Amino acid sequence: MDDLPLGELDAFTAVARARSFRGAARRRGVSASSLSAALRRLEQRLGVRLLNRTTRSVTPTEAGLRLLDRLAPALGEIAVALDQVESSRASPAGTLRLNVPTIAARLMLPDIAARFLEAHPKITLEIVAEDSFIDVLAAGFDAGVRYGERLERDMIAIPIGPRRQRYVAAAAPAYLARHGTPVRPEDLLEHRCIRHRFASGHALPWEFERDGKTVMLSPTGPLVANSIEVELAAAIAGLGIICSFEELLAPAIAARTLLPVLGDWVTEFPGPFLYYASRTHMPGPLRAFVDFIKDERKSAG
């Protein structure tokens, strides 16, 4: 049978158990006529009478009793399955797959993930960190994290992590002792600089702002990498000047293994967003994560 008439089968079960169209209708919250019509469609479909109807009683035929015996366990299983799906909204379970930039995976996701999983122990969080910009839905992810300029127009986006971030430049004391300290962004063109190249092949220009003036340039140097660990280690070793997220460089600056340069020239930009496809019929784990991020932002004020 290609298209199971589940609604009609449920109507038959209700009437057969109640031995009454009116009684079954009251329990179902529907009209007796709608149940009667459903029974007629089912009997016409099967070509068998399932209920004997009189003005005083409704009783299953022999075929109806056999069908009722087989249907009761199956419909019970369906009811349990639906109850489990409904209850999962209150206690979501399953896997949530996120595609995020490596910088987000390093700086903000560990703390967020720890708190989220503590609040939702039945959810498995799978995080794939990469800097290539893919179609997250086509790749099988539930959601992604991106910065504003990389958001797809038809996606829903909510803030996640810090709302303002900055790029800063820094170099090891030994490098500055040998090569001097840049005073203006343009001075970097005469320095050895450590660049980052994304998986797409792009090495973004360095951008500096001060008093409404913006300077963009593409300095050169002895190292270009797609690993911030490699870049950071090279900068600390005195190989050149690095320009990256302030949060990444902060520990080395605090330890004075790196010293900030061009401190009055910074680039400030909006923080990242969690983005996903739709607000309706979201999987339980994704809905829980979206609600968690929203609640955290409210708590933070």
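Above this text is the structure in question.
Cut-offs applied
- Residues numbered from 1 in each chain as written.
- Predicted model: local features only at pLDDT ≥ 70, side-chain atom pairs only at ≥ 80, totals over all residues.
- Heavy atoms only, no water.
- Helix = DSSP H or I, 4+ residues; strand = E, 2+ residues; numbered from the N terminus.
- Expected span 1.5 Å × (residues − 1).
- Buried < 20%, exposed > 50% of the residue type's maximum accessible area, 1.4 Å probe, protein only.
- Contact = heavy atoms within 4.5 Å.
- Phe/Tyr/Trp six-rings, centres within 6.5 Å; stacked < 30°, edge-to-face > 60°.
- Lys NZ or Arg CZ within 6 Å of the ring centre and 35° of its normal.
- Core = buried A, V, L, I, M, F, W, Y, C linked by side-chain atoms within 4.5 Å.
- Pairing = 2+ DSSP bridges.
- Axes fitted to C-alpha atoms, helices over the stretch in contact; angles between N-to-C directions.
- Parallel < 35°, antiparallel > 145°, perpendicular 65-115°, else oblique.
- Left-handed = near helix turned anticlockwise from the far one by under 90°.

A. Helix α10 (residues 284–300), seen in detail. Compared with an ideal rise of 1.5 Å per residue, which puts 17 residues at 24 Å, α10 spans 24 Å between its outermost C-alpha atoms and is within 8% of the ideal. For α10, the full list of buried residues reads Pro 285, Leu 286, Ala 288, Phe 289, Val 290, Phe 292 and Ile 293. As for α10, its buried residues are in contact with β3 (94–100), α6 (109–119), β4 (123–129), β5 (143–146), β6 (156–159) and β15 (273–276).

B. Broad picture of the side chain of Asn 99. One can find Asn 99 in strand β3. According to the relative accessible area criterion, Asn 99 is buried, its value standing at 0%. Every residue in contact with Asn 99, bar those within four places of it in the chain, is listed here: Val 128, Glu 130, Ile 134, Val 136, Phe 141, Ala 143, Gly 144, Val 145 and Arg 146.

C. The arrangement of unusual backbone geometry in detail. In this structure, Asp 211 takes a positive phi of about 55° despite not being glycine. Here Asp 211 lies in the loop between β9 (206–210) and β10 (213–217). A residue is classified by how much of its surface remains accessible, and Asp 211, at 77% relative accessible area, is exposed. Despite not being glycine, Arg 256 shows a phi value in the positive range, around 65°. You can see Arg 256 is positioned in the loop between α9 (246–254) and β13 (259–261).

D. Representation of the packing of aromatic side chains within the structure. Applying the stated rule across the entire model yields 7 aromatic pairs. Ring geometry for Phe 116 and Phe 289: centres 5.0 Å apart, planes at 85°, overall edge-to-face. One end of the pair, Phe 116, is in helix α6; the other, Phe 289, is in helix α10, and 173 residues separate them in sequence. For Phe 289, a relative accessible area of 0% gives the class buried. Residues Phe 116 and Phe 292 carry aromatic rings whose centres are separated by 5.5 Å and whose planes lie at 65° to one another, so their mutual orientation is edge-to-face. One end of the pair, Phe 116, is in helix α6; the other, Phe 292, is in helix α10, and 176 residues separate them in sequence. The same class applies to Phe 116 as to Phe 292, namely buried. Sitting above the plane of the Phe 141 ring, Arg 97 keeps its charged end 4.3 Å from the centroid.

E. Representation of the nonpolar core in the model. Leu 96, Leu 98, Leu 258, Leu 274, Tyr 276 and Phe 289 are the most contacted members of the largest nonpolar core, which has 43 residues in total. Ranked by the residues each element gives to this core, the list is headed by α10, at 6 residues. Apart from residues no more than four positions distant in its own chain, Leu 98 is found in contact with Leu 125, Glu 126, Ile 127, Val 128, Phe 141, Ala 143, Leu 274 and Phe 289. In terms of nonpolar packing, the next biggest core, distinct from the first, is built from 19 residues, Phe 12, Ala 16, Ala 38 and Leu 68 among them.

F. Structural view of the pairing of β3. Across 7 bridges, the pairing between β3 and β4 is parallel. Within β4, the position partnered with Asn 99 by the bridge is Val 128. With 2 bridges joining them, β3 and β5 adopt parallel strand pairing. Bridge pairing in β5 links Leu 98 to Ala 143.

G. Up close: the packing of α6 against α10. Two elements in contact, α6 and α10, have axes whose closest approach is 11 Å; the angle formed by their N-to-C orientations is 115°. Comparing the axis directions of α6 and α10 gives the class roughly perpendicular. Where α6 crosses over α10, the handedness of that crossing is right-handed. Where α6 approaches α10, its residues Ile 112, Arg 115 and Phe 116 are matched on the opposing element by Pro 285, Ala 288, Phe 289, Phe 292, Ile 293 and Glu 296.

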